[in-house]
Structures are given as C-alpha cells and as structure tokens.
Amino acid sequence: MSPKVFIKTFGCQMNVYDSERIAGLLQGCGYELAPDSAAADVILLNTCSIREKPEHKIYSILGRLKEYKDANPSIILGVGGCVAQQEGERLFEKAPHLDLVFGTHTIDRLPELLKQVQTERIRVCRTAMQEEGYSDEGVCRSVSPGVSAYVSIIRGCNNYCSFCVVPYVRGREKSRPQEDIIKEVDHLCRQGVKEVTLLGQNVNSYGKDAGTPGSFPRLLAAVNEVEGIERLRFITSHPRDLGDDLIRCFGELDKLCEHIHLPVQSGSDKILRLMNRGYTRDDYLAKVERLRRVCPAIAITSDVIVGFPRETDEDFEETLKLMEEVRFDDLFSFNYSDRPMTAALRFEGKISPEVKAERLARLLEIQNDYSVARNRMLLDAEEEVLVEGISKKDPRRVTGKTRSNKTVVAEGREELAGRLVSVRIRSVTAHTLSGDIAC
Ligand code: SAM
Ligand code: SF4
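Residues numbered from 1 in each chain as written. Chains lettered and ligands numbered in written order. Predicted model: local features only at pLDDT ≥ 70, side-chain atom pairs only at ≥ 80, totals over all residues. Heavy atoms only, no water.

**Digging into the overall build of the chain**
- Counting its regular elements, the chain contains 13 helices and 19 strands.
- Taken over the C-alpha trace, the chain has a radius of gyration of 22 Å; the compact-globule value for 439 residues is 22 Å, and the two agree within 12%.
- Each of the three principal axes of the chain carries a C-alpha extent, and together these read 60 × 55 × 45 Å.
- Classification of the 439 residues of the chain by burial places 54% in the buried group. (Helix = DSSP H or I, 4+ residues; strand = E, 2+ residues; numbered from the N terminus. Rg over C-alpha atoms; globule rule 2.2 N^0.38 Å. Buried < 20%, exposed > 50% of the residue type's maximum accessible area, 1.4 Å probe, protein only.)

Dropping the structure here:
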C-alpha cells in the first residue's frame, strides 16, 4: 500500500505553490495525498513566519499533535517553510516529537530526507540555502491543478524592508529561467488551467540577478502569447520599482487582468523611510494616477501595516488620507509585529497593543466603506467571470472572479467550472458581488 502524506499549508501564495510542488514530488515517489492528518503516515506543515500570530499558530498545532504522535509513534511529523528556515534545529527543542525540519530551499530533497528519517529513525534538519541557480525543472505539481494556478518566477528578496523577515527566510533573489516558466505555463494550460498568476516577492526584480533587469514586462508579453491562457495576473509589484514599461502592459496585453496589488504599507513619509521602502507617498500616488490613466478600470489593492514603531496619530492620519485619495478596492491590514533578525526589532518607540488595535479597527471600518463604494460602481454592469466551481456556502450557486479579481456568486451548476461567463451584477457587499449569468 502506498504511504499517505497530509500537507497543511499556512501563509502566502508562495507557500501554496511550494505545497503543490511538495505534493507533486512526493506523488512522483509513490506517495498518495491524504485528505486529513488522521489518514496520513506523514504529516507536513508548510509554515509562515511573516507575523507573530501565524508563527504562534504553528507552535500550538505542534503542541496538539504531540498527543497524536505519542499514540501513533510510526507517523512522521515534519515542518517546512519559513518557520523551519528561521528556527532550524531549535524547533526540535520546542517540539521534541518532531522528526523532520526542512527549509525553504530543500523541497527538492524531501523524498531523500523522509527516507533518512524512516530508515535511520533519526531526526533530520536541513535548512541550507542554495545560492546557485533556480530551476523547478523536473518538479511537477500534484495532478488536477484546477482553473487557476500559481507559477513562481523569482524567489527570495533583496529589499530588506525593516519590518520583514522574508529576505532572511527565503534568501537572495533568484530568477527562474524564462523558458522554464513558459514551459510550466504551457503545461498547465494543456491541463485545462485558464488563469495563471506569476509569483514573486517583487516581480519587478525579475532578471536583475541574471544581469537582465527590466525583463518582467518581456516575460509578461511572452506568457500572454501561450496558447490556451485566458487570464494573466502577477503578485507582488514593489511600488518603488513599478516602471512605466510595466504600467503600459495593462494597456497592451489582452490577457493581463485589470488588477494590481501594490502594497503601500503606510501613508506617512517618515514611516516609509523607517520601513526602508524607497518611495514617498507622492511617488506612490503618482504611480496610482499613471496606472489609472493607462487602464481606467484597474482595481488596486494594497497592504498596510498599522502601529509601526514611532507611528504617531498624525502618521496614522496620513495613511487614512492616502486611503481616501486612492480608494483601494481592497486592503489587507496588519498590526505590526516584531520579527527576528529584522532591523525594526531594535527600533525604539514601539506602539502599545491597545493603540494598534484601535487604529486597525478604525482603518478596517473606513476601508469597508471604500470597498463597498468601489464595488457599487459595478452595479448593473456585465462582468466577465471565470467560474471556479460551486460556492461553498450555497450549492445552487457558482463562484468565480472578475478580471478585476473580485469574487462573484451567481446561480449556476458545477459544469460551468473553467468557463468564462458574463454576469450582470445585481448586488454588492465589501467582498462579494452577486448577479445573474447573462450568457
Ligand atoms: N513583497 C511584498 C511587498 O513588498 O510589499 C510583501 C510580502 S509580505 C509576505 C506580505 C505583507 O505582510 C506585507 O506587505 C506587510 O504588509 C505584511 N508584513 C510583513 N512583515 C510584517 C510585520 N513584521 N508585521 C506586520 N505585518 C507585516
Ligand atoms: Fe519583505 Fe520588503 Fe521583500 Fe516585500 S519587498 S518581501 S516586504 S523585504
């Protein structure tokens, strides 16, 4: 009987992508995917350490799994991803029942590491960072990728924003060769994928490490031409590096969807400087203006950190003012949390949890109104929707996304999955549009 593996993913799209690679790799070595941990011989947690909360969550899950492991000692328990990279061997002290720790650069070696745990019955930790090339060749994904898929184009980050742990746990930027990316997109489209999202912490850096800066718009143009692709997206573009050549792509490439995630983090120049972001609020606003000039229908979403060290009420008001000027379609907002190894960890002027919570609540309420107002602009419009499948909340309805990346629900059947349909929007909330399928 084939051994069964259960993979639990936490955090960003990069981890979702890595988990798909892990699944594909292990399936290629004879493993089957288990639907839950109770059915598994191997349990792998692919973890996130971007903020304090998700990291703590891992420790509490590991705590809960101790009893399970004590009762089922033959089970192999592994932790991968950013917490594994950050903590390494220390994880064995925190969770002595753990068998395997694998870092962000050791996914390709997982089958071998699992074998070592099984045959030698020892604990194994591998967190070395490969600084040489980046190729996902030979690492196929798990079967049935669905309607929409992520494709990694660059890993790591060289930006060292003062709050962010990513450069320490994901390493230096490494671009993936363009031919590998095109091959993967082509393969996915042949399997029925209609929408591809190109992934990187800063896609604008694509090609820089290989001595070909500014290659990202060229890559987008090449992916736009892959046969069978209906929609193209990317995430994330750093505002400092968003150039006119990339902005022009929104007016030129027919598959590139009208949505950009452009994390601003703060509206205060003082805080942006402390964050080491490399742009001012005016630079940011100018780029938003250029984007809207080239592509009036573009939806703009962003990330904001609330309560960064030394953020005064006035700095916070600057963020609210920027939100009022931009009117983001959606905003992901987070309370600042100290992260190991980062510069901001040592900053003075930390903000109390109460003040952070109060600012976050205020920001969320304001953004909610903006999201509703932006969505109301689509009332009675006919929107192209890529249907993903049946709605989890209502089996009589299907769910999908507009080109502007908004979630839509409409009456319809499973067979519509993977189809582009036209939906007349009848009502909206901050996060969902509802409508009728017109054709
Ligand atoms: N590469 C993207 C960029 O340049 O904006 C962001 C990637 S990060 C995985 C996602 C978001 O997490 C960031 O945009 C930021 O808002 C948030 N974040 C990162 N570190 C944080 C921290 N220490 N505390 C709170 N939020 C944090
Ligand atoms: Fe983190 Fe900044 Fe890199 Fe984004 S650009 S991953 S926030 S260091």
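**Section: the site of ligand 2**
- Taken together, the residues surrounding ligand 2 are Cys-157, Asn-159, Tyr-160, Cys-161, Phe-163, Cys-164, Val-166, Pro-167, Gln-201, His-238 and Arg-277.
- Of the residues in the shell around ligand 2, the class split is seven nonpolar, three polar and one charged. (Near = heavy atom within 4 Å. Nonpolar A, V, L, I, M, F, W, Y, C, P; charged D, E, K, R; others polar.)

**So, the site of ligand 1**
- Arg-51, Gln-201, Gln-265, Asp-303 and Ser-337 are the nearest of the 14 residues found near ligand 1.
- In this structure, Arg-51 approaches ligand 1 through a side-chain N or O atom, which is 3.0 Å from an oxygen atom.
- Separating a nitrogen atom of ligand 1 from a backbone N or O atom of Ser-337 is a distance of 2.8 Å.
- For ligand 1, whose accessible area on its own is 570 Å², the fraction buried by protein is 91%. (Polar contact = N/O pair within 3.5 Å; in protein donor to acceptor, adjacent residues only side chain to side chain. Areas by Shrake-Rupley, 256 points an atom, 1.4 Å probe, with all protein chains shown as cover.)

**With respect to the sheet that holds strand β11 (residues 231-235)**
- Strand order in the open sheet formed by three strands is β7-β10-β11, with parallel pairing between adjacent strands. A strand with exactly one partner marks an edge of an open sheet, and here the two such strands are β7 (148-152) and β11. For this sheet, the mean inter-axis angle between neighbouring strands, taken without regard to orientation, is 25°.
- Two elements, strand β10 (residues 195-199) and β11, share five bridges in a ladder whose sense is parallel. Looking at β11, one finds that Glu-195 is bridged to Arg-231.
- Taken strand by strand, helix α8 (residues 216-224) contacts β10 and β11, and its axis lies near 155° from that of β11. (Pairing = 2+ DSSP bridges. Axes fitted to C-alpha atoms, helices over the stretch in contact; angles between N-to-C directions. Contact = heavy atoms within 4.5 Å.)

**Concerning the packing of aromatic side chains**
- What the rule picks out here adds up to eight aromatic pairs.
- Relative to Tyr-284, the ring of Tyr-279 lies with its centre 6.2 Å away and its plane at 35°, an arrangement referred to as tilted.
- For Tyr-279, a relative accessible area of 6% translates into the label buried.
- Tyr-284 sits in the buried class, given a relative accessible area of 1%.
- A cation sits over an aromatic face here: Lys-8 above Phe-10, 5.8 Å from the ring centre.
- Across the ring face of Phe-334, the terminal group of Arg-51 is positioned such that the distance to the ring centre comes to 3.7 Å. (Phe/Tyr/Trp six-rings, centres within 6.5 Å; stacked < 30°, edge-to-face > 60°. Lys NZ or Arg CZ within 6 Å of the ring centre and 35° of its normal.)

**Points about the pairing of strand β3 (residues 42-47)**
- The buried count for β3 comes to six of six residues, which makes it a mostly enclosed element.
- Burial along β3 is two-sided: the face carrying Val-42, Leu-44 and Asn-46 and the face carrying Ile-43, Leu-45 and Thr-47 are both buried.
- The pairing of strand β1 (residues 4-9) with β3 spans five bridges and is parallel. Directly across from Val-5, in β3, lies its bridge partner Val-42.
- The pairing of β3 with strand β4 (residues 76-80) spans five bridges and is parallel.

**What about the pairing of β10?**
- Most of β10 is tucked away, with five of its five residues classed as buried.
- Strand direction decides the pairing type here: β7 and β10, joined by five bridges, are parallel. Of the residues in β10, the one forming a bridge with Val-151 is Leu-198.
- On the question of chirality, the crossover connecting β10 to the parallel β11 by way of α8 is right-handed. (Right-handed = clockwise from strand over helix to strand, strands pointing away.)

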